[in-house]
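Survey of secondary and tertiary structure
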Amino acid sequence: RHAAATPHSLAGALEQGKPQTPLPDGSSRTGLKRLESQTQPLGKYDLQGIGELAVNPLGDRIINAFFKEGEDLTDFRSFIRVLAHFRPVEEGKSNETGRPEPMNSRLRKLQFAFQLYDQDSDGKISRDEMLQVLRLMVGIQVTDEQLVCIAERTIQEADQDGDGAISFEEFSVEKLNVEQRMSLRLLK
């Protein structure tokens, strides 16, 4: 009988493309495959019950990231791959040469966060997209006029090439602490 695989080991194993034998928690590839085969597809409603997502202003966008466009169910493997973004970064571990970038690296976390803003997937965060996020985050506590000013100022400060939008390169230059902000304690 195999030890139960933890979310940390599952996310790490699947983000690498194939499970390690044995996994860090002692479970095996066979155990991982058995768990995957026994897992029912997850629906958006399953994730909406998670407290941290329910209270997060961007919770719906985070939930949608687990699902392919137009689909309401996700399989185990796809779920774990997205969940891997939220695994804490392991200090002192460097990426091995020739291996894919880990899902929980700073770069991959920034890419994930960027796509939460860039809803039309054009590679830029427009003033309107920034405004949508600000409305989600502050609700009715700030007037629409104030939100427009904040969105315009944010774009102006981050926009280095003068195109009136924030590219991924401009977004990733900002001093964002994604290593801490995009980590779930249960995945440590």
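Cut-offs and rules
- Residues numbered from 1 in each chain as written.
- Predicted model: local features only at pLDDT ≥ 70, side-chain atom pairs only at ≥ 80, totals over all residues.
- Heavy atoms only, no water.
- Salt bridge = Lys/Arg side-chain N within 4 Å of Asp/Glu carboxyl O.
- Helix = DSSP H or I, 4+ residues; strand = E, 2+ residues; numbered from the N terminus.
- Buried < 20%, exposed > 50% of the residue type's maximum accessible area, 1.4 Å probe, protein only.
- Arc of directions from axis to C-beta.
- Core = buried A, V, L, I, M, F, W, Y, C linked by side-chain atoms within 4.5 Å.
- Contact = heavy atoms within 4.5 Å.

1. Observations regarding the pattern of salt bridges
Applying the stated criterion across every chain yields a total of six salt bridges. Between Asp163 and Lys124 there is a salt bridge; the shortest N-O distance is 2.3 Å. Here Asp163, found in the loop between α9 (144-158) and β4 (166-167), pairs with Lys124, found in strand β3 (residues 124-125); they are 39 residues apart in sequence, far enough to count as distant. A residue is classified by how much of its surface remains accessible, and Asp163, at 37% relative accessible area, is partly exposed. With a relative accessible area of 24%, Lys124 lands in the partly exposed category. Residue Glu152 is joined to Arg127 by a salt bridge in which the shortest nitrogen-to-oxygen separation is 3.1 Å. Of the two residues, Glu152 is situated in helix α9 and Arg127 in helix α8 (residues 127-138); the sequence distance between them amounts to 25 residues. Judged by relative accessible area, Glu152 falls into the partly exposed class, the value being 40%. In the salt-bridge network here, residues are joined through shared partners; they are Lys124, Asp161 and Asp163.

2. Re helix α6 (residues 76-83)
All of the buried residues along α6 are Phe76, Phe79, Ile80, Val82 and Leu83. Here the buried residues of α6 occupy an arc of 165 degrees about the axis, which is enough to place them on one side.

3. Side note on the nonpolar core
Counting 18 residues, the largest nonpolar core has Tyr117, Ile125, Met130, Ile166 and Phe171 as the members making the most contacts within it. Elements with a minimum of two residues in this core: α7 (106-117), α8, α9 and α10 (168-173). Among the elements that line this core, the one with the most residues is α9, at five residues. When sequence neighbours within four positions are dropped, the list of residues in contact with Met130 reads Tyr117, Ile125, Ala151, Thr154, Ile155 and Ile166. Judged by nonpolar contacts, the second largest core, of 14 residues, contains Leu53, Phe79, Phe86 and Phe112.

4. Concerning unusual backbone geometry
Comment: phi is negative for the bulk of residues other than glycine, and the bulk of peptide bonds are trans. With phi around 55 degrees, Ser121 is a residue other than glycine that occupies positive phi space. Residue position: Ser121 is located in the loop between α7 and β3. Taking the relative accessible area as the measure of exposure, Ser121 reaches 64% and is therefore exposed.

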